[in-house]
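Residue-level listing of the chains:
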Amino acid sequence: MAEESIRIKTTDRPLYLLAVDALQGMIKREYSPGDQLPSEEELGGMLGISRSTLRVALGILEQKEQITRKRGAGTFVSSSPAEILSGGLQYIQSILSLAKNIGLSAKMVGFQSNRIPAAEKLAGIL
């Protein structure tokens, strides 16, 4: 892997969530299940973030079972891709997009959509 910097651009989203996105993209593009990721120091340098911010992002990926951290050995891409087809509130995606992002094939069958007006008070807030 060529040593290149991936600097994260700041937005309104918290930096650790941007780091999660960047790491997920890096894992998808450059690594296979079982591969070891660079050290925290290297990853932090590549992303232009502190190690503490990186550790929060890695913790999220570990909770999602996308990586496994082994004390003294390193961080590895999970052997069993257990990324769940659910997005948090920070991600607004269709189930088809979520499936595609984790390498699954999906199709829509019998889709129905209804428009329901919001209550007046809620509509004013929205």
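Everything below is about the structure printed above this text.
Residues numbered from 1 in each chain as written. Predicted model: local features only at pLDDT ≥ 70, side-chain atom pairs only at ≥ 80, totals over all residues. Heavy atoms only, no water.

### Focus: the packing of aromatic side chains
Reasoning step 1: What the rule picks out here adds up to 0 aromatic pairs.
Reasoning step 2: Sitting over the face of the ring of Phe 76, Lys 70 holds its NZ or CZ atom 5.0 Å from the ring centroid. (Phe/Tyr/Trp six-rings, centres within 6.5 Å; stacked < 30°, edge-to-face > 60°. Lys NZ or Arg CZ within 6 Å of the ring centre and 35° of its normal.)

### Thoughts on the pairing of strand 2 (residues 74–77)
Reasoning step 1: Looking at chain direction, strand 1 (residues 67–70) and strand 2 are connected through 4 bridges and run antiparallel. Following the sheet pairing, Lys 70 is matched in strand 2 by Gly 74.
Reasoning step 2: Counted between consecutive antiparallel strands, the loop separating strand 1 from strand 2 contains 3 residues, among which Gly 72 sits at a positive phi close to 85°. (Pairing = 2+ DSSP bridges. Helix = DSSP H or I, 4+ residues; strand = E, 2+ residues; numbered from the N terminus.)

### Focus on the pattern of salt bridges
Reasoning step 1: What the rule picks out here adds up to 4 salt bridges.
Reasoning step 2: Arg 51 is the partner of Glu 40 in a salt bridge, and the nearest nitrogen-oxygen pair spans 3.3 Å. In this pair, Glu 40 sits in helix 2 (residues 40–47) while Arg 51 sits in helix 3 (residues 51–63), placing the two residues 11 residues apart along the sequence.
Reasoning step 3: You can call Glu 40 buried: its relative accessible area is 18%.
Reasoning step 4: By relative accessible area, which is 39% here, Arg 51 ends up partly exposed. (Salt bridge = Lys/Arg side-chain N within 4 Å of Asp/Glu carboxyl O. Buried < 20%, exposed > 50% of the residue type's maximum accessible area, 1.4 Å probe, protein only.)

### Quick look at a nonpolar patch on the surface
Reasoning step 1: On the surface, Ile 95, Leu 96, Met 108 and Phe 111 cluster together into a nonpolar patch covering about 390 Å² of accessible area.
Reasoning step 2: Relative to the helices and strands, Leu 96 is located in helix 4 (residues 95–101). (Patch = residues over 30% accessible without salt bridge, like charges linked within 9 Å, V, L, I, M, F, W, Y side chains within 5 Å. Areas by Shrake-Rupley, 256 points an atom, 1.4 Å probe, with all protein chains shown as cover.)

Worth remembering: the numbers are spatial, not functional.
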